[in-house]
Amino acid sequence: MALDYPNDMSLSRVAMKAELLDAETERDLAYAWRDKRDEAALHRLITAYMRLAISMASKYKRYGAPMNDLIQEAGLGLMKAADKFDPDRGVRFSTYAVWWIKASIQDYVMRNWSMVRTGSTSSQKSLFFNQRRVQARLEREAMARGETLDRHQLRHMISTEIGVPLRDVEMMEGRLSGSDFSLNATQSTEDEGREWIDTLEDDSAQSAEIVEEQHDRETLRAWLAEAMGALNEREQFIIRERKLREPIRTLESLGQELNLSKERVRQLEAAAFAKMRKYLEGRSEEVHDLLA
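These numbers come from a predicted model, not from an experiment.

A short note on the overall build of the protein chain
Tallying secondary structure elements over the protein chain gives 13 helices and zero strands in all. Secondary structure elements of the protein chain, listed N to C terminal, follow the sequence α-α-α-α-α-α-α-α-α-α-α-α-α. Within the protein chain, buried positions represent 40% of all 292 residues. A separation of at least 24 residues holds for 62% of the contacts in the protein chain among residues at least 6 apart in sequence. As displayed, the protein chain offers around 16700 Å² of accessible surface, 50% of which is attributable to carbon and sulfur atoms.

Right, here's the structure in full:
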């Protein structure tokens, strides 16, 4: 995939005109690249999903990096994903590629954020891209409750919220408050004191990702409904009560209602899943390990 377009706008235009691949075509292209090293297939696969890479790159433009550089990094992540993608795993390429694209962009942003390296471990990356946003939300929620959180309480809450060690929170806090650039610095006198932290975008899914995920969910939901139809009435009841309701029923409570032992209910549940798995595997390789 050539990424040396004159600018990010021309690359964006090319990406938006690219074809939308269905699951079968996507899988065929992936096989062609993996098994035959077909570069034309690789180019077609990458081109089709460059719009996803650009969408993800746009989420990080407020960190100060040139948009074209972000798109280049996103494209590199997309190419790594295409090279390593295994179509036998039964997942859509877009779902797999998101991780590689995000990792490539975040590594680039962190390398260029400061003269002092901000961090490279998974917990440091998570803190770098989430700490200030989480802190601002925690402070707002505390203010709404009429509470005031001291620095020690905030650090502990951030540590719990993001799921990282407290020492990493303290270290990242010091690095982010460095003199080379502060997220709490105002943008300009004309911006009424607006801070840079207020412009950072949420790390939630963007439009391209949402469309892909929604499509996959709807497809899987339809397949599961068909698989449920292959079960008898008792098996459907057990699956619904054990997997599709909240709170789930225990084996013991189902056994009492069906006048069966707990072990027998477990066996029926396992048999029902085996039927569904067999049906789904025959229906499509994409759901091969859905119930594994």
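Additional details are given in the paragraphs that follow.
So, the confidence of the model for the protein chain
Across the protein chain, the average pLDDT comes to 75, with 69% of residues at 70 or higher. Contacts for the low-pLDDT stretch residues 1–7, under 50 throughout, to residues beyond four places or in other chains number 16 contacts. Between residues 288–292, whose pLDDT stays under 50, and residues either more than four places distant or in other chains, the model counts eleven contacts.

Brief notes about helix α8 (residues 151–162)
Counted at 1.5 Å a residue, the expected span for α8 with its twelve residues is 16 Å, and the 16 Å between its end C-alpha atoms agrees. When α8 is considered as a whole, its buried residues turn out to be Leu154, Ile158, Ser159 and Ile162. Along the axis of α8, the buried residues cluster in a sector spanning 135°; they form a single face. Where α8 starts, the residue carrying a side-chain oxygen 3.1 Å from the main-chain nitrogen of histidine 152 turns out to be aspartate 150. Positive backbone phi, approximately 80°, marks glycine 163, located one or two places after α8.

Focus on the side chain of glutamate 269
Among the secondary structure elements, glutamate 269 is positioned in helix α13 (residues 262–283). Among the residues examined, glutamate 269 registers a relative accessible area of 7% and is labelled buried. Here glutamate 269 is in contact with Ile238, Ile239, Arg242, Lys243 and Leu251, once residues within four sequence places are set aside.

Some points on the environment of methionine 50
Looking at the secondary structure, you find methionine 50 in helix α4 (residues 50–58). Residue class for methionine 50 comes out buried when judged on its relative accessible area of 1%. As a C-alpha pair, methionine 50 and glycine 75 span 25 residues in sequence and 6.8 Å in three-dimensional space.

Thresholds applied
Residues numbered from 1 in each chain as written. Predicted model: local features only at pLDDT ≥ 70, side-chain atom pairs only at ≥ 80, totals over all residues. Heavy atoms only, no water. Helix = DSSP H or I, 4+ residues; strand = E, 2+ residues; numbered from the N terminus. Buried < 20%, exposed > 50% of the residue type's maximum accessible area, 1.4 Å probe, protein only. Contact = heavy atoms within 4.5 Å. Areas by Shrake-Rupley, 256 points an atom, 1.4 Å probe, with all protein chains shown as cover. pLDDT = per-residue confidence, 0-100. Expected span 1.5 Å × (residues − 1). Arc of directions from axis to C-beta. Polar contact = N/O pair within 3.5 Å; in protein donor to acceptor, adjacent residues only side chain to side chain.

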